[in-house]
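Coordinate analysis (summary)
Single-letter residue listing:
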Amino acid sequence: MKEIVISNFKMNMTDGQIVEYFSNISIKADKTLKKLVFCVPFTSLHFAEKYQNDLISFGAQNMHEEEFGSYTGEISANMIDEFGVKYVLLGHSERRKNFNETNEKINKKIKTALKHGMTAILCVGETLQQRKRNQTYEVLRLQIGSGLDEIYENELSNIIIAYEPIWAVGTGKVAENKDIEEASLLIKKIISEHYSVNAGNNLKIVYGGSVNSKNCKQIFKIKTISGVLIGGASLDSKEFEKIIC
Ligand code: PGA
């Protein structure tokens, strides 16, 4: 489905370039699209005050789990919150890999995000090797089980799970519909077992990994996901327009 579209600019775009981006983009979303989230660099989160409305929200790409303290170079939930930012990406595979983020650390970050009333977008997904070894279910179960440890069922409405198979992120190799559907059903099963069947049914899942204007229509046909998370293709305002319109 095409209910939620989330962009992830990663470490791209200066504040000036983002001004240009928003002056170029025309957001004529069709009725199916309910939420458009721009996960921009921290330095541009102030745009939330200007551009946020019922459809458009801004999201951070990460944050520290502690509220404040001696963590040189880090950004806290309070700092993000002050801009009225409602979403935060947590556990992105690039952070797990390049910044050694563990499931335990991600779990702490999720708790902090929820405490601040933000929606946490928990990114999960297997490597190609794990897929080939049929370990996808195990990997998802561990990432979701630990990531959502001590998170209560009534808090799940503020959690979105982004299924991002690592082999598809930034590679140009998009997962096939049957693989996305299968993984999203596994995620719902994990949530149903941890919480309830109702929780599994209501959970919002998005797919991420090499989504672009050419393959998005096919992906939006999948009924078990609510939308997509887009990296590279969201950086070009005209390309992104084609995806959301
Ligand atoms: P991609 O990135 O669309 O460039 O594959 C997705 C992501 O990293 O969230």
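What counts and how
Residues numbered from 1 in each chain as written. Predicted model: local features only at pLDDT ≥ 70, side-chain atom pairs only at ≥ 80, totals over all residues. Heavy atoms only, no water. Buried < 20%, exposed > 50% of the residue type's maximum accessible area, 1.4 Å probe, protein only. Helix = DSSP H or I, 4+ residues; strand = E, 2+ residues; numbered from the N terminus. Pairing = 2+ DSSP bridges. Expected span 1.5 Å × (residues − 1). Phe/Tyr/Trp six-rings, centres within 6.5 Å; stacked < 30°, edge-to-face > 60°.

1. Quick notes on the pairing of strand β7 (residues 204-208)
Of all the 5 residues making up β7, 4 are buried; the element is thus mostly covered by neighbouring parts of the structure. In this structure, strand β6 (residues 159-163) lies alongside β7, joined through 4 bridges in parallel fashion. Of the residues in β7, the one forming a bridge with Y163 is Y207. Pairing of β7 with strand β8 (residues 227-230), which is carried by 3 bridges, proceeds in the parallel orientation. Bridging across to β8, G208 finds its partner in L229.

2. Here we look at unusual backbone geometry
Phi at K10 takes a positive value of approximately 55 degrees, unusual for a residue other than glycine. Considering the arrangement of structural elements, one finds K10 in the loop between β1 (4-8) and α1 (15-24). Positioned with a positive phi, E150 is a non-glycine residue whose angle comes to about 60 degrees. Examined against the element boundaries, E150 turns out to sit in the loop between α7 (136-147) and β6.

3. Here we look at helix α8 (residues 177-194)
For α8, built from 18 residues, the straight-helix expectation of 26 Å at 1.5 Å per residue is met to within 8% by its first-to-last C-alpha distance of 26 Å. Residues of α8 that are buried: D179, I180, A183, S184, I187, K188, I190 and I191.

4. Quick word on the packing of aromatic side chains
Taken as a whole and assessed by the stated rule, the structure comprises 11 aromatic pairs. Relative to Y21, the ring of F9 has its centre 5.1 Å away and its plane inclined at 70 degrees; by these criteria the two rings are edge-to-face. One end of the pair, F9, is in the loop between β1 and α1; the other, Y21, is in helix α1, and 12 residues separate them in sequence. The exposure class of Y21 is buried, given its relative accessible area of 3%. With centroids separated by 5.7 Å and ring planes inclined at 65 degrees, the aromatic side chains of F38 and F240 adopt a geometry described as edge-to-face. Of this pair, F38 sits in strand β2 (residues 35-39) while F240 sits in helix α11 (residues 237-244), and the two are 202 residues apart along the sequence. By the burial criterion, F38 is buried, and F240 matches it. Cluster of aromatic residues (ring-pair linked, three or more members): F9, Y21, F22, F38, F47, Y51, F58 and F240.

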